[in-house]
Amino acid sequence: MKQLDLRRFPGFFAITLLCVVVLYAPLLVVSVYSFNASTSITNWGGVSLEWYVDVFTGPESPKFQRAAMNSLIIAVLAGLCATLIATSAAVAMHRAGRFKGKTATFALINLPLMVPEVVTAVASLIFFTAIGFSGGVGTILLAHITFCIPFAYLPIAARMQSVPDSYEQAAMDLYATPWEAFRLILLPLMMPGIFSGFLLAFIISLDDFLITNFVKGAGVETLPTAIFGAVKQGIKPNIMAISTLMLGVSVVFVTLSWLIGRSGQAKT
Amino acid sequence: MAAMAPGGASSSEIYKGNASRLLLPTWVVIGVFLLVPVALMATYSFLTKEFRGGVIWEFSLAAYDQFFLDRGLFGDEPPRIEWTFITIFWRSIWQAGLATLLCLLIGFPTAWFIATREARMRTVWLLIVTVPYWVNLLIRTVSMKFLIRDEGPLNAMLLWSGLIDQPLGLINTNLAVQLGLFYSYLPFMVLPIYAAVERYDFALSEAAADLYAGRWTTLRLVILPVVKPGLIAGCILVFVPSLGAFLAPDLLGGAKSFMIGSLIEEQFKGAAGNWPFGAAAAMILMSIVMVVLLVYARSQTREAKA
């Protein structure tokens, strides 16, 4: 009884509840108002799916659909590339013993997390302009791969650390080549980490606005830059419907990643 | 073969000798698309501006001069300190600092509450607190704007309940920006504190209670010092992205809450179009962040040695 008492502070539960309310209230309000039948964003005109229909068939729908397609393609490709690069880096950092420049490499992997986003954005814009790359899906993709690497690396490296190398040792004692030991033993054991790494990189790429906005060039839009452009002229109901859809996608992805992470833990 | 390597996974040497081949993609990608660009940006900050964007390859200190010194309208007066941009930076530091404080004041009790639940409930609470973070930042910021604007649901509700008789006028203020930053980065505060509290040994609290320390005395003299590394990590993780944030100040703040992110953006995407000046401002921002991170890293190594 006494121990329970020491863990409790009056008011902490109330603050936690307040915290949850502040975190969810804006999202909840926008989701509710996305079903508003009125063209005004202030007055409530009854429940309808009008704005969801508008998102898919309305006058602005081609613009947003193209932007969504760009976002999706970039996020999948950036996620895949970053995961590949991060997996290879994680093997070097955790399975190749000591080597020269290991600390520097670790710093390099984490560099995208340390440089402020707006600085990365400016630097990328200057770089792509200087080498004569005109902005488009290509420049966005290259920038995204770069800043996604540390996000993919985190769960992959964490997973690799928790997998002892005795399985690979055993395989190699049975005359497996290092490549076979990697492909047949380490890779399957790493899968939950690799999958979480991909999901994380995917969401981070999908989330990015600032860097994309700098390097995208004229005419090319991703979903966040298209939404930002629209919001600058005022929040409209169709934006709330798009927001609610994206919110739904995020929640599905987080739940998925959480379930996979849990199943991965259960197996080991 | 490497079979004699000692147990620990991180000292494993199975793929010894392949490190450089495995790391080549990382080095190339981050090197070419981040290190080189940052170096190029540093160079650009010392070049001459070309009108409507771009640079002329001629060495010049004009960008830094414009940032720090005021030489009058025609540039012929004796230089005085130019406060415009220093004020913007100072305001950004303030705003980021207050947002960090807000995160700390809400984040610590929340993290403490979560970490002292049963193991099962901890996961659920953590999920509840982190899920909003995975929602697109732009959408979260727009949602916040929608909620707190003068005609928005928050004011409508407060007016209806009779608590206020005119809208709060929260939108386009510094407080709105702080709220937006708080909303953007709160999980960065909660998670490291949670990790620190989870490792906290409650025998310490018992010992303090045995010595007649009250609850709050224990918190102040025992718990907070022990979990301090988590608090500091959380503060840095919130402060650094807040400092260069663009969306929250741009969408929630007014002209009076103009921050570094918008200043830099304006030089490249907006009307200002002064690339060397934008690069110089970005360099100064990066320097501040690097100093913060270095001081932090120093204190970490000192603590590890002690």
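Naming follows an unreviewed UniProt entry, where chain B appears as ABC putrescine transporter, inner membrane subunit of Salipiger bermudensis. UniProt, in its Subcellular location (unreviewed entry) section for chain B, records the words "Cell membrane". UniProt, in its Sequence similarities (unreviewed entry) section for chain B, records the words "Belongs to the binding-protein-dependent transport system permease family. CysTW subfamily."

Chain A is annotated in an unreviewed UniProt entry as Spermidine/putrescine transport system permease protein PotC from Salipiger bermudensis. As stated in UniProt under Function (unreviewed entry), the record for chain A gives "Required for the activity of the bacterial periplasmic transport system of putrescine and spermidine." Here chain A is described in UniProt, under the heading Sequence similarities (unreviewed entry), as follows: "Belongs to the binding-protein-dependent transport system permease family. CysTW subfamily."

Participant: Hey, could you go over the overall build of chain A for me, with residue numbers and the actual values?
Facilitator: From N to C terminus, chain A includes twelve helices and zero strands. Along chain A, helices (α) and strands (β) appear in the sequence α-α-α-α-α-α-α-α-α-α-α-α when read from the amino end. Relative to its full complement of 268 residues, chain A shows a buried share of 54%. Nonlocal contacts in chain A, meaning residues at least 24 apart in sequence, comprise 72% of its contacts between residues at least 6 apart. In the structure as shown, chain A presents an accessible area of about 11,900 Å², 71% of it carried by carbon and sulfur atoms.

Participant: Explain the interface of chain A and chain B to me, using residue names and the numbers behind them.
Facilitator: Residue-level contacts link 99 residues of chain A with 91 residues of chain B. For the pair chain A and chain B, the summed buried area comes to about 8,900 Å², and 77% of that belongs to carbon and sulfur atoms. For the pair chain A and chain B, the interface holds one salt bridge. In this structure, Lys232 of chain A engages Asp250 of chain B in a salt bridge whose closest nitrogen and oxygen atoms are separated by 2.7 Å. Applying the counting rule to chain A against chain B returns 15 residue pairs in polar contact (both at pLDDT 80 or more). With 17 residues, helix H2 (residues 12-33) of chain A is the largest single contributor of residues to the side of chain A that touches chain B. Of the residues assigned to the side of chain A that touches chain B, the class counts are 71 nonpolar, 16 polar and twelve charged.

Participant: So what's going on with the UniProt feature "transmembrane region" (unreviewed entry) in chain B? Which residues, and what values?
Facilitator: Residues and elements named next belong to chain B. As recorded in UniProt, the sites labelled "transmembrane region" (unreviewed entry) are residues 22-47, 93-115, 124-148, 175-197, 218-240 and 275-297. Taken end to end, residues 124-148 is 76% helix and 0% strand, and its two terminal C-alpha atoms sit 28 Å from one another. Across residues 175-197, the secondary structure splits into 100% helix and 0% strand, with the terminal C-alpha atoms separated by 30 Å.

Participant: Explain the pattern of salt bridges residue by residue, including any values.
Facilitator: All names here are of chain B. Evaluated as defined, the whole model comprises nine salt bridges over all chains. Note that Arg80 is salt-bridged to Glu77, the shortest N-O span being 3.6 Å. Residue Glu77 is classed as partly exposed on the basis of its relative accessible area of 36%. The structure contains a network of salt bridges with shared partners spanning Asp70, Glu77 and Arg80.

Participant: Give me the lowdown on helix H6 (residues 153-161) of chain B, citing residues and values where you can.
Facilitator: Those residues of H6 of chain B lying buried are Pro153, Asn155 and Leu158 of chain B. Check the buried side of H6 of chain B and you find it contacts H2 of chain A together with helix H5 (137-148) of chain B. Phi turns positive one or two residues past the end of H6 of chain B, at Gly162 of chain B, with a value near 85°.

Participant: An account of the domain arrangement of chain B is requested, with residue identities and associated values reported.
Facilitator: All names here are of chain B. Taken domain by domain, chain B holds domain 1 (22-60 + 269-306) and domain 2 (90-267). The distance between the C-alpha centroids of domain 1 and domain 2 comes to 28 Å. At the junction of the two partners, domain 1 supplies 18 residues and domain 2 supplies 15 residues. A combined buried area of about 1,400 Å² lies between domain 1 and domain 2, and 75% of that area is made up of carbon and sulfur atoms. Contact with domain 2 buries area across many residues of domain 1, yet Lys269, Leu285 and Tyr296 alone supply 32% of it, more than any other trio. There are zero salt bridges connecting domain 1 and domain 2.

Participant: So what about the UniProt feature "domain: ABC transmembrane type-1" (unreviewed entry) in chain A? Which residues, and what values?
Facilitator: Following the UniProt record, the feature "domain: ABC transmembrane type-1" (unreviewed entry) maps to residues 68-257 of chain A here. End C-alpha to end C-alpha, residues 68-257 of chain A measures 22 Å, and it is 82% helix and 0% strand.

Participant: Please set out the UniProt feature "domain: ABC transmembrane type-1" (unreviewed entry) in chain B residue by residue, giving values where relevant.
Facilitator: Per the UniProt annotation, the sites labelled "domain: ABC transmembrane type-1" (unreviewed entry) are residues 89-296 of chain B. Across residues 89-296 of chain B, helical content stands at 77% and strand content at 0%; the span's end C-alpha atoms are separated by 21 Å.

Participant: Which residues make up the nonpolar core, and what values go with them?
Facilitator: One finds Ile126 and Ile227 of chain A together with Met41, Phe108, Trp112, Ile264 and Leu285 of chain B to be the most contacted residues of the largest nonpolar core, which totals 184 residues. Filtering out sequence-adjacent residues up to four positions away, Ile264 of chain B remains in contact with Val118 and Val122 of chain A together with Gly278, Ala281, Ala282 and Leu285 of chain B.

Participant: Kindly report on the domain arrangement of chain A, identifying the contributing residues and their values.
Facilitator: Interfaces are often sized by the amount of accessible area the parts lose when they come together. Residue and element names in this part refer to chain A. Domain assignment breaks chain A into domain 1 (8-46) and domain 2 (56-264). The gap between the C-alpha centroids of domain 1 and domain 2 is 30 Å. Facing eight residues of domain 1, the contacting portion of domain 2 comprises eight residues. The contact between domain 1 and domain 2 buries some 630 Å² in all, and 78% of this surface belongs to carbon and sulfur atoms.

What counts, and at which threshold
Residues numbered from 1 in each chain as written. Chains lettered and ligands numbered in written order. Predicted model: local features only at pLDDT ≥ 70, side-chain atom pairs only at ≥ 80, totals over all residues. Heavy atoms only, no water. UniProt positions renumbered as here; feature names shortened; annotations may be inferred. Helix = DSSP H or I, 4+ residues; strand = E, 2+ residues; numbered from the N terminus. Buried < 20%, exposed > 50% of the residue type's maximum accessible area, 1.4 Å probe, protein only. Contact = heavy atoms within 4.5 Å. Areas by Shrake-Rupley, 256 points an atom, 1.4 Å probe, with all protein chains shown as cover. Buried area = accessible area lost by both parts, 1.4 Å probe. Salt bridge = Lys/Arg side-chain N within 4 Å of Asp/Glu carboxyl O. Polar contact = N/O pair within 3.5 Å; in protein donor to acceptor, adjacent residues only side chain to side chain. Nonpolar A, V, L, I, M, F, W, Y, C, P; charged D, E, K, R; others polar. Domains from an automatic or database assignment. Core = buried A, V, L, I, M, F, W, Y, C linked by side-chain atoms within 4.5 Å.

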